[in-house]
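Listed here are the chains, written in short residue letters.
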Amino acid sequence: MTQNALIQNKISNAIAKISAIADELPGVVIVHDLRDWSVAWMSDRGLTQLGVTLEEITKITAEEYYSRYFNPEDAKDYVPKIFRLIDENNDDTVYTFFQQVRLSSSSDWNWHMSSVKVYLRDENNKPLLVMTIALPIDSMHHMTVKASRLLEENNFLRKNLCHFAKLTKREREILRLMALGKTSAETATELFISTSTVETHRKNIKLKLDTNSYYEMCQYARAFDLI
């Protein structure tokens, strides 16, 4: 038997093992082949939700799969962490994240909470398959609102990191107090500096962040954990 045949046999056995219990699990089970990141197998529940067959989902490329069914904005946050999990290659490591999925029955994004781990390794002990279990979150559940807010803050953080990095430690302290609604006089008292110094810092903060919007400055404070 060739090396490729041995690997494929190993993959088939691993898939048979999980498929035997997949219908008993509460979520959707997906197995990815790390050689090209394609879907090697998906449980019936997932296939039904996406409106595809197993043959169809395993034939499309990884790029097409992710662009068709997943929101690229939140993928920017969780994909690097999945790569890190694979690099760590540890049986005890499980990464859990929120992601938005577009199902066949809706054009809207549907929030899921997914957990992924290394499922199978090759003869050199390198990850070969990863398994994901995805659980839908009720659209009326408070976690959906929190996940949406987290995504918004993460996107804002990535977009504006270059601006925030320009702020000095003192300017970040003043930005935090601004976001908390402190006046210049109150800030001056709390930091033991003059009101005119606070006003100068505030002007510099607005210049560096390129905004005069109080709402945006509060966004900076939230996204960068100042409040």
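Attention in this report is confined to the structure presented alongside it. Throughout, residues of each chain are indexed from 1 in the direction in which the sequence is written. Local features in this predicted model are restricted to residues of pLDDT 70 or higher, and side-chain atom pairs are both shown and tallied only at a pLDDT of 80 or more, whereas totals for entire chains, interfaces and linings draw on every residue. Heavy atoms from the whole structure form the basis of all side-chain values; hydrogens and water molecules are not counted.

### Quick look at the overall build of the chain
Right, on to step 1. Summing up its helical and strand segments, the chain has 10 helices and five strands in all.
Right, on to step 2. Taken along the three principal axes of its C-alpha coordinates, the chain extends 80 × 40 × 25 Å.
Right, on to step 3. Burial classes: relative accessible area under 20% of the type maximum marks a residue as buried, over 50% as exposed, and values in between as partly exposed (1.4 Å probe, protein chains only). The proportion of buried residues among the 227 residues of the chain is 40%.
Right, on to step 4. Pairs at least 24 apart in sequence give 51% of the contacts found in the chain among residues at least 6 apart.
Right, on to step 5. If you sum the accessible surface of the chain, you get close to 13,000 Å²; carbon and sulfur atoms cover 53% of it.
Right, on to step 6. The positive charge centre, built from 28 side chains, and the negative charge centre, built from 30, are 7 Å apart in the chain. Segments assigned H or I by DSSP are reported as helices when at least four residues long, segments assigned E as strands when at least two residues long, and all are numbered from the N terminus. Here a residue-residue contact requires only that any non-hydrogen atoms of the pair lie within 4.5 Å. Surface exposure here means Shrake-Rupley accessible area, sampled with a 1.4 Å probe, where a residue is shielded only by the protein chains that are shown. Positive: Lys, Arg. Negative: Asp, Glu. His and the chain ends are not part of the count. For charged residues, the charge sits on one atom: NZ in Lys, CZ in Arg, CG in Asp, CD in Glu.

### What to know about the packing of aromatic side chains
Two descriptors summarise a pair of aromatic rings, namely the distance from one centre to the other and the angle between the planes of the rings.
Right, on to step 1. Pairing of aromatic side chains here covers Phe, Tyr and the six-membered ring of Trp, requires ring centres within 6.5 Å, and sorts the geometry by plane angle: under 30 degrees stacked, over 60 edge-to-face, intermediate tilted. One pass over the structure, following the stated rule, counts 11 aromatic pairs.
Right, on to step 2. Note on Trp37 and Phe83: the rings are 5.6 Å apart at their centroids and 85 degrees apart in plane angle, and the pair reads as edge-to-face. Taken together, the residues Trp37 in the loop between strand S1 (28–33) and strand S2 (38–42) and Phe83 in helix H5 (residues 72–88) connect sequence positions 46 residues apart.
Right, on to step 3. The class of Trp37 is partly exposed, set by a relative accessible area of 22%.

### Let's talk about the pattern of salt bridges
Right, on to step 1. Throughout this description, the term salt bridge denotes a Lys or Arg side-chain nitrogen within 4 Å of a carboxyl oxygen of Asp or Glu. On inspection of all chains with the given rule, the structure shows nine salt bridges.
Right, on to step 2. Ionic pairing is found between Arg35 and Asp33, a salt bridge with its closest N-O pair at 2.7 Å.
Right, on to step 3. According to the relative accessible area criterion, Arg35 is partly exposed, its value standing at 46%.
Right, on to step 4. With a shortest N-O distance of 2.9 Å, Glu171 and Lys208 are connected by a salt bridge. Note that Glu171 is positioned in helix H7 (residues 169–179) and Lys208 in helix H9 (residues 195–209), a separation of 37 residues in sequence.
Right, on to step 5. The class for Glu171 is buried, based on a relative accessible area of 4%.
Right, on to step 6. For Lys208, a relative accessible area of 25% corresponds to the partly exposed category.

### Focus on empty space enclosed by the protein
Right, on to step 1. Of the grid points, spaced at 1 Å and generated over the protein atoms alone, those admitting a 1.4 Å probe that cannot get out make up cavities, while open sets with protein on both sides within 12 Å along at least five of seven lines make up pockets; any residue with an atom within 4 Å of a point is treated as lining. Grid points are joined across faces, edges and corners, and a volume is the space filled by probe spheres set on the points. Enumeration according to the criterion identifies one cavity of 30 Å³ or more in this entry.
Right, on to step 2. Contributions of two or more residues to the lining of the largest cavity are made by S1, helix H2 (44–50) and strand S3 (95–102).
Right, on to step 3. Take the lining of the largest cavity: its biggest share by element is three residues, from H2.

### As for helix H1 (residues 3–19)
Right, on to step 1. Any helix carries an expected span of 1.5 Å times its number of residues minus one. Between the first and last C-alpha of H1 there are 24 Å, a value that for 17 residues agrees with the 24 Å anticipated at 1.5 Å per step.
Right, on to step 2. Three or more residues of H1 are buried, namely Ile7, Ile11, Ala14, Ile15 and Ile18. Mapping the buried residues of H1 onto a view down its axis gives an arc of 100 degrees, with all of them on the same face.
Right, on to step 3. The inward-facing, buried residues of H1 contact S1, S2, strand S4 (109–121) and strand S5 (127–136). In this context, the arc is that of the directions from the helix axis out to the C-beta atoms.

### Things to note about the sheet that holds S2
Right, on to step 1. Two strands qualify as a pair provided DSSP detects at least 2 bridges between them. An order of S2-S1-S5-S4-S3 is seen for the five strands of this open sheet, with the pairing classed as antiparallel. Every interior strand has two partners, whereas the edge strands, S2 and S3, have only one. Put simply, the sheet's adjacent strands are angled 35 degrees from each other on average, direction ignored.
Right, on to step 2. Direction of pairing for S4 relative to S5: antiparallel, over a ladder of nine bridges. In the sheet register, His112 faces S5, and the bridge partner there is Pro136.
Right, on to step 3. Convention adopted: a line fitted to C-alpha atoms gives each axis, helices being fitted over their contacting stretch, and angles between N-to-C directions are expressed from 0 to 180 degrees. Against the sheet, H1 engages S1, S2, S4 and S5, with an angle of about 130 degrees to S4.
Right, on to step 4. Across the sheet, H5 lies against S3, S4 and S5, angled at about 140 degrees from S3, the strand it touches most.

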